[in-house]
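Descriptive structure summary
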Amino acid sequence: MRTRLLGFTAALVLAVLGATAPVARAALPAVTGPACVDGSGTVQYATGQWICIGGAYDGELITKT
């Protein structure tokens, strides 16, 4: 009985974590390279990521879309 309860609890926790990960990612602001440039910024590669420097989207990550 304990094994079933532990297995069910673990499955429930994993399901909740799996459902919240895409929502957290979608909440981040999505800036594209053209939107950054149109907002008077420049696209630069820093610390392994593309970011917008200056303008309306200063410091925000650049997405591929």
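Each remark here, short or long, concerns the structure printed above.
Every chain is numbered on its own, with residues counted from 1 as its sequence reads. pLDDT decides what is reported in this predicted model: residues at 70 or higher carry local features, side-chain atom pairs at 80 or more are listed and counted, and totals for whole chains, interfaces and linings draw on all residues regardless. As a convention, hydrogens and water are excluded, and side-chain values are obtained from all of the structure's heavy atoms.

Things to note about the pairing of strand β2 (residues 49–53)
Relative to β2, strand β1 (residues 42–46) runs antiparallel, the two being bridged by five bridges. Paired with Thr42 across the strands is Ile53, a residue of β2. Linking β1 to β2, which pair antiparallel, is a turn of two residues; within it Thr47 sits at a positive phi near 50 degrees. DSSP bridges decide pairing: two strands pair if at least two such bridges lie between them. Helix numbering and strand numbering both begin at the N terminus, where a helix is a DSSP run of H or I of at least 4 residues and a strand a DSSP run of E of at least 2.

Focus: a nonpolar patch on the surface
Each patch is built from salt-bridge-free residues with over 30% relative accessible area, joining like charges within 9 Å and nonpolar side chains (Val, Leu, Ile, Met, Phe, Trp, Tyr) within 5 Å. Working definition of accessibility: Shrake-Rupley area with a 1.4 Å probe, residue cover restricted to the visible protein chains. We count a salt bridge whenever a side-chain nitrogen from Lys or Arg sits within 4 Å of a carboxyl oxygen from Asp or Glu. A surface patch of nonpolar side chains, amounting to about 410 Å² of accessible area, comprises Val37, Val43, Tyr45 and Trp50. Mapped onto the fold, Val43 is located in strand β1.

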